Amino acid sequence: MSTGSGRITRDDRRILRAGRAVLAARDGRPRVTDVAFVVYAGLLVALIVGAPLVRFAVLGLIEPDAAGVVAAVRPGAVALLSAIATIVVVLGGRTRGAVVPRPAAVQFLADSPLPRRLTLRRPFVASALALSGLSVLVAGVVGLSRLLVPGERATVSAGAAADTASVIGMTGPTVPAAVVAFVIGAVGFSLLLAVAWLLGQHGSRRTVAAVVIVAGVGGVLGLLVPGMLLVSPWGWLGLLWSPVAGGVESMVLGGALATGGWAGLFTWGGGGGWFASVGVPVSWWPAVALVVLGAVSLLLVPRALDGLRSGPLLDQALRWQRVGMMLQSGDASGAVGGLRVSPTSGRRVPLRMTGPFWLVVLRRSIVGARRTPGRVALGSLILAVSGAAVGLSFGLPDGVRWMLAVPAAFLAYLAVGVWCDAVRHGVESAGTPTLYGRSPRSLVFAGAVAPLLAAVVIGGVGALLGVLASAAPGGMTLLQPLGWWLLLAVWIVVLRTFDAAKGPLPILLLMPVPTPFGDASSLNVLLWQSDAILLALLVGGGLTALAPVAPGAAVVLLVGVLVIVAALGFARLLKLSRPA
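Residues numbered from 1 in each chain as written. Predicted model: local features only at pLDDT ≥ 70, side-chain atom pairs only at ≥ 80, totals over all residues. Heavy atoms only, no water.

Time to look at the overall build of the protein. Helix and strand counts for the protein stand at 26 helices and four strands. Looking at the protein alone, contacts between residues at least 24 apart form 80% of all its contacts between residues at least 6 apart. Split by element, the accessible area of the protein, about 29700 Å² in all, is 71% carbon and sulfur. (Helix = DSSP H or I, 4+ residues; strand = E, 2+ residues; numbered from the N terminus. Contact = heavy atoms within 4.5 Å. Areas by Shrake-Rupley, 256 points an atom, 1.4 Å probe, with all protein chains shown as cover.)

Turning our attention to the confidence of the model for the protein. Close inspection of predicted coordinates is inappropriate for parts of the model with low pLDDT. Averaged over all residues, the pLDDT of the protein is 78; the fraction at 70 or higher stands at 81%. By mean pLDDT, strand 1 (residues 167-168) is the weakest element of the protein at 36, and helix 13 (residues 285-297) is the strongest at 92. Long-range and interchain partners of residues 152-172, a stretch whose pLDDT sits below 50, account for 48 contacts in this model, where long-range means more than four residues apart. Segment residues 247-260 is flagged for pLDDT under 50; beyond a separation of four residues in sequence, or across chains, it makes 41 contacts in the model. (pLDDT = per-residue confidence, 0-100.)

The next subject is the pattern of salt bridges. If you walk through the whole model with that rule in mind, you get four salt bridges. One salt bridge in this structure joins aspartate 531 and arginine 572, with 3.0 Å as the shortest N-O distance. Of this pair, aspartate 531 sits in helix 25 (residues 531-546) while arginine 572 is found in helix 26 (residues 551-577), placing the two residues 41 residues apart along the sequence. As far as the burial class goes, aspartate 531 and arginine 572 line up, both buried. One connected set of salt bridges, linked through shared partners, spans Asp499, Lys502, Asp531 and Arg572. (Salt bridge = Lys/Arg side-chain N within 4 Å of Asp/Glu carboxyl O. Buried < 20%, exposed > 50% of the residue type's maximum accessible area, 1.4 Å probe, protein only.)

Below, the discussion takes up the packing of helix 4 (residues 75-92) against helix 8 (residues 176-202). Remark: helix 4 packs on helix 8, axes separated minimally by 7 Å, with the N-to-C direction vectors making an angle of 30 degrees. The crossing of helix 4 and helix 8 is right-handed. Between helix 4 and helix 8, the contacting residues are Ser82, Ala85, Thr86, Val89, Val90 and Gly92 on the first element and Phe189, Leu193, Ala196, Trp197 and Gly200 on the second. (Axes fitted to C-alpha atoms, helices over the stretch in contact; angles between N-to-C directions. Left-handed = near helix turned anticlockwise from the far one by under 90°.)

This paragraph deals with a nonpolar patch on the surface. Nonpolar side chains collect at one region of the surface, where Phe37, Val38, Tyr40, Leu44, Val45, Leu47, Ile48, Val49 and Leu53 lie side by side and expose about 940 Å² of accessible area between them. Look at valine 49 and you get partly exposed, because its relative accessible area is 45%. (Patch = residues over 30% accessible without salt bridge, like charges linked within 9 Å, V, L, I, M, F, W, Y side chains within 5 Å.)

Set out below in structure tokens:
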């Protein structure tokens, strides 16, 4: 058996195989037919659900309006987005890390004398493969759409080097070599994300803060100073995006070498019209650099796996096991509740109990928010970003506005939830003895003040910034998006209250529904659990996309649906308040 040196011996591997065999025997080793059925079901889902979704995405991105928006995405914006992705996975490592085995595997294998670089390798490899698959899917869909965009390749001269370089025109489609380089770079970047994810789970607060700061600074500098794209992995991904997009703002190292315009690369804000005179050669060195850097970063994995502590590892394993069991039983609200973090600060903050009741509840909500600063900060940031996306969507063409409006409405619905604890408390008090003479209805109404103020103020600031950053013409550019966001904020809070008053799952929905394809009762449970999410996507997102074109109709429809949902939520609350 290995010692503290970290070396893995042949005995270690033999003992690990024996331990996994014991766990498999205890859980019930799957038969060959079971494995074949799982593979068969996975292929069917991929063909029936996945393939049409990919086709829909590709066809949507080759529409003229969508293709123009994609071509306008600058390499610096790609660098910033990839930096944000790095920050998200690092910060998310504390909640759900890259290594989350089953609780039995933690207790039986991870706590054994075997090195954890051996016992925990398989979960990390699974997480890395999942990230790689998602990266290839996104890069492949976008790259394929750029290949299918109709147009002629331009013959842009970029000096003497243009004769030997593969040059893509500024407005024409891309070439397969550029897409292949982009996909390879995405795979290399996914390896970096997997390692960053593991560091977020294992590293100290200083390590996590250092990674977040470096990624944030690198992304912002890549957006503002094009020359900084040459020196960071986030910038390298932006350089690979340049020949794929082929837009006017595209820039790559080969163009700088061809023209000798090094000074323009390091001009704050993008170098003026330098980009408009240079073609975009397909350059392979950023893809190679990302793959090499990703492979080198994997050398940190064994030591990081050895440094994982069994206590936090077991906590994550048990938490996500409970979440999975609740989701399988149809208790989505319980699953989300299991992911809420425990209070970390603010326990000694006093609470003033004077003034109107709604003001007392508002103070209580603010004090409660101070006890989970990370959760509230993340939710407020997402709420501001959602407001900015709604403001920006008013300046987009009709064919692509929904691509920003629908995710913005959905994210706003999720983000407001961090301020809705008082609403959930009011709903949970229904059917119990009334305390202090306050009915559940008054508790819910008073608790809705905090999320409404957060949505109006925080999201309104984001919407204002989004409007100012957009290029939508017209004298009502400022008032129309802000007015729509105020109405949308009320709708989101009402929808959150409607979802909170849902109550337990009706037993009738669990009754079998025989069909030629099997039991369809799970669809009833899924629809019951996701009714608010579907309304947020279809009503909130759909009407946001409609508002710039037909503002009157959008307002009337949203107000009508809002009144109906509010009445249904009130009916749900009355039903919960009746004694059993």
